[in-house]
Amino acid sequence: MKKMLPVEELARDDRFFRSRFEDNFNDPRIGAQRQQGTFTKPEKFSPEERNAAEGARSLMHGIFMGEIQALEGAGRTCWDFNVGPGEDEAPFALKLDMARQCWDESRHVEISVKLNEWMGTDLGEFNENTFLYEAACNPDPVMRLTGVNRALEGLAIDVFNTMKSFGENCGDPVMEFCEDWMLADEVTHVKMGSDWLRKLTETNPERRQRALEFQRVVDKLFSLGGLRSDKDESPVKLARRFRELAGFTKEEIDDIADVSAEAANETLSRAAGA
Amino acid sequence: MITVTPETFELVQFDAAEIAALAADVAKAVGLADDVTIAIAIDETAIIGKASSRVEDDGRIVLDVTGGAFESLRKARTFDENRAKAVLGQALMRARDRIDPDFGNPPADDALSVPEETAWATSIEGRLDRLGILVGRPQRRIYHFRVRHGFNDTVDRIFDRLWTTDSITWAEIAASSSEAVLA
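Residues numbered from 1 in each chain as written. Chains lettered and ligands numbered in written order. Predicted model: local features only at pLDDT ≥ 70, side-chain atom pairs only at ≥ 80, totals over all residues.

## So, the nonpolar core
Of all hydrophobic cores here, the largest spans 105 residues; its most connected members are Leu152(A), Ile157(A) and Val87(B). With 14 residues, the top contributor of residues to this core is helix α6 (residues 141–170) of chain A. Among all residues touching Ile157(A), those that are not within four sequence positions of it are Leu183(A), Glu186(A), Val187(A), Val190(A), Ala239(A), Phe242(A), Arg243(A) and Ala246(A). (Core = buried A, V, L, I, M, F, W, Y, C linked by C-beta atoms within 7 Å. Buried ≥ 20, exposed ≤ 12 C-beta atoms within 10 Å, placed from the backbone. Helix = DSSP H or I, 4+ residues; strand = E, 2+ residues; numbered from the N terminus. Contact = placed C-beta atoms within 7 Å.)

## Section: the sheet that holds strand β2 (residues 38–43) of chain B
Adjacent strands of a sheet form backbone hydrogen bonds with each other and so pair up, either parallel or antiparallel. Residue and element names in this part refer to chain B. An order of β1-β2-β4-β3 is seen for the four strands of this open sheet, with the pairing classed as mixed. In this open sheet, the two strands that pair with only one neighbour each are β1 (2–5) and β3 (51–55). Looking at each pair of strands side by side, their axes are set apart by 15° on average, direction ignored. Helix-sheet contacts for helix α1 (residues 16–30) involve β1 and β2, and the interaxial angle to β1 is about 140°. Each of β3 and β4 (61–66) touches helix α3 (residues 81–99); the most contacted strand, β3, lies at about 25° to it. (Pairing = 2+ DSSP bridges. Axes fitted to C-alpha atoms, helices over the stretch in contact; angles between N-to-C directions.)

## Structural notes on the interface of chain B and chain A
Each partner contributes residues to the interface: chain B has 21 residues there, and chain A has 28 residues. The element contributing the most residues to the side of chain B that touches chain A is helix α5 (residues 138–149) of chain B, with eight residues. Residue classes in the side of chain B that touches chain A are distributed as nine nonpolar, five polar and seven charged. (Nonpolar A, V, L, I, M, F, W, Y, C, P; charged D, E, K, R; others polar.)

## Points about the packing of α1(B) against α3(B)
Residue and element names in this part refer to chain B. Closest axis-to-axis distance for the α1/α3 pair is 9 Å, and the angle between their directions is 45°. With respect to each other, α1 and α3 are oriented oblique. For the pair α1 and α3, the sense of crossing is right-handed. On α3, the residues touching Ile 19, Leu 22, Ala 23, Val 26, Ala 27 and Val 30 of α1 are Glu 81, Ala 84, Lys 85, Leu 88, Gly 89, Leu 92, Met 93 and Arg 96. The residue makeup of the contact of α1 with α3, split by class, is ten nonpolar, one polar and three charged. (Parallel < 35°, antiparallel > 145°, perpendicular 65-115°, else oblique. Left-handed = near helix turned anticlockwise from the far one by under 90°.)

## Overview of the pairing of β2(B)
Walk down a regular strand and you will see the side chains alternate between the two sheet faces. Residues and elements named next belong to chain B. Two elements, β1 and β2, share four bridges in a ladder whose sense is parallel. Within β2, the residue paired with Val 4 across the bridge is Ile 40. One crossover worth recording links β1 to the parallel β2 by way of α1, and it is left-handed. Strand direction decides the pairing type here: β2 and β4, joined by six bridges, are parallel. (Right-handed = clockwise from strand over helix to strand, strands pointing away.)

## Brief notes about the environment of Arg216(A)
Residue and element names in this part refer to chain A. With respect to the helices and strands, the residue Arg 216 is situated in helix α8 (residues 205–221). For Arg 216, a count of 16 C-beta atoms within 10 Å gives the class partly exposed. Along the sequence, Arg 216 and Ala 151 sit 65 residues apart, while their C-alpha atoms lie 7.8 Å from each other.

## Description of helix α4 (residues 114–131) of chain B
Residue and element names in this part refer to chain B. An ideal rise of 1.5 Å per residue puts 26 Å on 18 residues; α4 measures up with 25 Å between its terminal C-alpha atoms. Among the 18 residues of α4, 14 are classified as buried, and the element is accordingly described as predominantly covered. Immediately downstream of α4, the backbone of Gly 132 shows phi near 80°, a positive value. (Expected span 1.5 Å × (residues − 1).)

## Things to note about the environment of Lys44(A)
Residues and elements named next belong to chain A. If you trace the backbone, Lys 44 turns up in the loop between α2 (28–36) and α3 (52–80). Through-space distance from the C-alpha of Lys 44 to that of Phe 166 is 9.8 Å; in sequence the pair is 122 residues apart. In contact with Lys 44, other than residues within four places in its own chain, are Glu 49, Glu 233, Ser 234 and Pro 235.

## Quick word on the packing of α5(B) against helix α6 (residues 153–164) of chain B
Residue and element names in this part refer to chain B. Closest axis-to-axis distance for the α5/α6 pair is 10 Å, and the angle between their directions is 125°. One way to sum up the angle between α5 and α6 is to call them oblique. Here α5 and α6 pass one another in a crossing that is right-handed. Where α5 approaches α6, its residues Pro 138, Ile 142, Phe 145, Arg 146 and His 149 are matched on the opposing element by Val 155, Asp 156, Phe 159 and Trp 163. In the contact of α5 with α6, the residues fall into six nonpolar, one polar and two charged.

## Things to note about the pairing of β3(B)
All names here are of chain B. Judged from the five bridges that link them, β3 and β4 form a sheet pairing that is antiparallel. Bridged to Ser 53 within β4 is Leu 63. Hairpin connection, β3 to β4: the antiparallel pair is bridged by five residues, and Gly 59 has positive phi, about 90°.

The structure is reproduced here in structure tokens:
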């Protein structure tokens, strides 16, 4: 079986349509809104907001696609690296953790399919963005675990916590409980990333620094222009408590909050034509 | 007569003639008279899907639609005929209800509360489904209805009533929404 499977070769049937992150980022309508002065920040997920239900359906479909890619990424990490201490190798126990994560992600895929049905969404109704799997293609397992487990699964903590609150506010017990269960798993996935980062870079500060810089880039990119931030009015709020449980220090969470605020400011600056 | 503005689009891949033809089909299907004038204004810069309709004093129906409302959920900035049909169906049926003296006197679109708007949309989608204009999506619609009104059996029964009733008034829709909120 091939090692390091490129994103183009992921198996998808014809229900699915892939979009490129850069196309969304460079959508010319943002510039047009800037010229007209009509740019508005995204709405918070709340039953009172007019587009909340459609926003929740879209986000839930995105979660489903993310779960598939998380399964594919963790599975590849089990396979792509030989057992060993090198930077292009992985300890057996790390691969075992990734195998356990595959089991969780498979369950999350099934839960997400059911939640999409519950919300009236067809699989493939929304496009697929493959950014999670792309972060899982790094040839260094430490980079993979910081990019995917700490940054993107960290984002998943924020998103699941948001969806759980949305379910709670709407009185939707199915959404609330499903998100809570998945959230509990995500906390362990992020903690795996935190633990392995510290363990594998214990005697190699330069490698740790590179990994943390990679995580910072991923965190900033996937703060989604301020969609995720530490502010109450943000559609996806940074879940500080769950991140602490996942092994983030207060300083690390503050740093993600800063990075998210930077991303939001850059989006607003672009929209304002600055 | 149906007009679509702008006549050409620069930021999205839409065709004004195609939209006008689709609107003509939907207008006929919802029962609007052949001689009614419909003006569709599309803001192609707006990404979030939104549409409103109003009936002017001279009987003209005006639709304000964002480009995002007609856009494919899978491929950004491209036209999605089924979504457009659903949006036009909602907006034109709302206008038809407003014209119908037996329907009553609902608030303007931008003055509707979110639960009221959702209840009216439920009634309309049920009617569009039976007219064959839309492929029925009751699960999506009931999710919207539950998000605004609550997740319980009473709310679901009110949803069914709104979905299945062909002849309905604004007072009945507003009362159903209030009843569901309190359920």
